[in-house]
Amino acid sequence: MDIRLHSEISLDSVTLEHISKSISFTQESAPKEFEVFGWNDGAQMTKLGQFTYDIDGAPLQTFEMAFGSEPIRFVRLQVTSNHGHPDYTVLYRLRVHGSPTAVTA
């Protein structure tokens, strides 16, 4: 999943949300391992982090970047595994958190 942001940011963290275990029939389709990438127009994509969604944790989980990113305009979420569903992965919400970068004239 690629997302174009309104303006450049220095990415601090991302938040993933999946349905709560208490109201779900199954958690097989929940994301497990995922990677986050960032880039700007014409720039090379950079891997910003690799994370694990804890199926036994809260439905809403925030993952901090190890260090602030260079200014980016695009974010890619790449799910590399889920909790067992063979056909698809369900993601309810992705939130991107960061600080706006200075605008140059």
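One can find the structure itself at the top, above this paragraph.
Definitions and limits used
Residues numbered from 1 in each chain as written. Predicted model: local features only at pLDDT ≥ 70, side-chain atom pairs only at ≥ 80, totals over all residues. Heavy atoms only, no water. Salt bridge = Lys/Arg side-chain N within 4 Å of Asp/Glu carboxyl O. Helix = DSSP H or I, 4+ residues; strand = E, 2+ residues; numbered from the N terminus. Buried < 20%, exposed > 50% of the residue type's maximum accessible area, 1.4 Å probe, protein only. Polar contact = N/O pair within 3.5 Å; in protein donor to acceptor, adjacent residues only side chain to side chain. Contact = heavy atoms within 4.5 Å. Phe/Tyr/Trp six-rings, centres within 6.5 Å; stacked < 30°, edge-to-face > 60°.

**Q** Give a detailed account of the pattern of salt bridges, specifying residues and quantitative values.
**A** Under the defined criterion, the tally for this structure stands at 3 salt bridges. R76 is the salt-bridge partner of D2, the closest N and O atoms lying 2.6 Å from each other. Taken together, the positions of D2 in strand β1 (residues 2-17) and R76 in strand β5 (residues 72-79) put the pair 74 residues apart, joining distant regions of the chain. When its relative accessible area of 25% is taken as the criterion, R76 is described as partly exposed. Among the salt bridges present, the one from E17 reaches R93, with a minimum N-O distance of 3.7 Å. Of this pair, E17 sits in strand β1 while R93 sits in strand β6 (residues 93-100), and the two are 76 residues apart along the sequence. Under the relative-accessibility criterion, E17 is labelled partly exposed at 22%. A relative accessible area of 42% places R93 in the partly exposed class.

**Q** Break down the side chain of T15 for me, citing the residues and quoting the values.
**A** Within the secondary structure, T15 is located in strand β1. At 2.8 Å, the side chain of T15 forms a polar contact with the side chain of T62. Side-chain polar atoms of T15 contact the side chain of H97, separated by 2.7 Å. Look past the residues within four positions of T15 in its chain and what remains in contact with it is L60, Q61, T62, R93, L94, R95 and H97.

**Q** Report on the packing of aromatic side chains, specifying residues and quantitative values.
**A** Under the criterion given, the structure shown has 4 aromatic pairs. Centre to centre, the rings of F34 and F51 are 5.5 Å apart; their planes meet at 35°, and the pair counts as tilted. Of this pair, F34 sits in strand β2 (residues 33-39) while F51 sits in strand β3 (residues 46-52); the two residues are 17 residues apart in sequence, bridging distant segments of the chain. Look at F51 and you get buried, because its relative accessible area is 13%. For the pair F51 and F63, a centre-to-centre distance of 5.5 Å together with 45° between the ring planes defines the contact as tilted. Linking F51 in strand β3 with F63 in strand β4 (residues 60-64), this pair joins segments that are 12 residues apart in sequence. Each member of the pair, F51 together with F63, is buried.

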